[in-house]
Amino acid sequence: MSLSRRQVAAAGLAAVPLALAGAPGARAGERGVRTVFVAGDSTAAQKYADAAPETGWGMALPFFLHRDRPVANHAVNGRSAKSFVDEGRLDTVLAAIRPGDVLLVQFAHNDEKTTDPTRYTEPWSTYQDYLRRYVEGARARGARPVLATPVERRRFDAAGTALPTHGDYPAAMRALAGREGVALLDLQALSLALWQRLGVEQTKTYFNWTATEQDNTHFNPPGAIAVARLVARELLRTRVLAPRDVRRLDDPVPPSWITWPEAPTE
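Below: a short report on this structure. (Residues numbered from 1 in each chain as written. Predicted model: local features only at pLDDT ≥ 70, side-chain atom pairs only at ≥ 80, totals over all residues. Heavy atoms only, no water.)

Before going further, it helps to spend a moment on the overall build of the protein chain. Scanning the protein chain from N- to C-terminus turns up 8 helices and 8 strands. Every one of the 266 residues in the protein chain was classed for burial, and the buried ones make up 57%. Sequence-distant contacts in the protein chain: of pairs separated by 6 or more residues, those separated by 24 or more amount to 77%. Total accessible area on the protein chain stands at roughly 11100 Å², and carbon and sulfur atoms take up 52% of it. (Helix = DSSP H or I, 4+ residues; strand = E, 2+ residues; numbered from the N terminus. Buried < 20%, exposed > 50% of the residue type's maximum accessible area, 1.4 Å probe, protein only. Contact = heavy atoms within 4.5 Å. Areas by Shrake-Rupley, 256 points an atom, 1.4 Å probe, with all protein chains shown as cover.)

Let's shift gears to the pairing of strand β5 (residues 144-148). Most of β5 is tucked away, with 4 of its 5 residues classed as buried. Bridging between strand β4 (residues 102-106) and β5 involves 4 bridges; their strand directions are parallel. Each residue of the ladder has a partner; that of L104, found in β5, is V146. Where the polypeptide runs from β4 across helix α5 (residues 123-140) and back to β5, its parallel neighbour, the crossover connection is right-handed. With 3 bridges joining them, β5 and strand β6 (residues 183-185) adopt parallel strand pairing. By the bridge assignment, A148 is partnered in β6 with L185. (Pairing = 2+ DSSP bridges. Right-handed = clockwise from strand over helix to strand, strands pointing away.)

Right, let's get into the packing of aromatic side chains. Scanning all chains against the criterion turns up 9 aromatic pairs. With centroids separated by 5.6 Å and ring planes inclined at 45°, the aromatic side chains of F107 and Y134 adopt a geometry described as tilted. With F107 in the loop between β4 and α5 and Y134 in helix α5, this pair connects stretches of sequence that are 27 residues apart. Among the residues examined, F107 registers a relative accessible area of 0% and is labelled buried. We classify Y134 as buried; its relative accessible area is 0%. With 6.2 Å between their ring centres and 45° between their planes, W195 and F219 make a pair best called tilted. Taken together, the residues span a long stretch of sequence, with W195 in helix α7 (residues 187-202) and F219 in strand β8 (residues 214-219) at a distance of 24 residues. Given the relative accessible area of 0%, F219 is considered buried. (Phe/Tyr/Trp six-rings, centres within 6.5 Å; stacked < 30°, edge-to-face > 60°.)

Those residues of helix α4 (residues 89-96) that fall on the buried side of the exposure criterion are R89, L90, V93 and L94. Along the axis of α4, the buried residues cluster in a sector spanning 135°; they form a single face. Exposed side of α4, more than 90 degrees from the buried face: D91 and A95 are the residues found there. Looking at the buried side of α4, the elements it contacts are β2 (36-40), α3 (81-86), β4 and α5. (Arc of directions from axis to C-beta.)

Written out as structure tokens, the structure is:
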């Protein structure tokens, strides 16, 4: 995933997770509260005011979950399944997670960077090895791991066919989920089908296309809302969440609900 200078500078700030739903301070210790933790990259991450209108789908996910299913978004710009672990970010998540919580894991965009040894993983070996650490860590703490294949980029051929861009990574994750008995949200297939339905021009209104950028990887508010809706629907379909846990699956969510806070200061 190619990062602008602004995105690289903001990556450290984006490491601060925000619980974007539920009452402030809500935790698993409160009766009935179960948190959905998100571990992932910039397509899911919290964005701040200096990055608007870029929007991670994790910012929109709380609109589709009830308030006793708060979201703790630990996704960070530029991270891979490997670098997230190597930087100690998985340890931070596992220190906070509680029995009954959900750990939702989406990586591959940066695992694909063959020239960067700090992030690169090979789909059928190291990528699966690192993903298994998330699965085992969640299960050891009584939480439920969920794997999500990487959401697709906006890429079309000359005939207007939406093209897959993630190589073997989605297949490798599907295979691991099957072997480990882990719930799988196939965001790669679902988002690719959505981009195909929308077409070449309409998809521009879902990605971070502005007067100065033509970004075919990151979302604007409508795109983040659309992907978050896919996530919530899949969490229900796979029975990770129950019908009482989700809301607005078929209702409009105004893009104006998305807000970008000021970046936290050190």
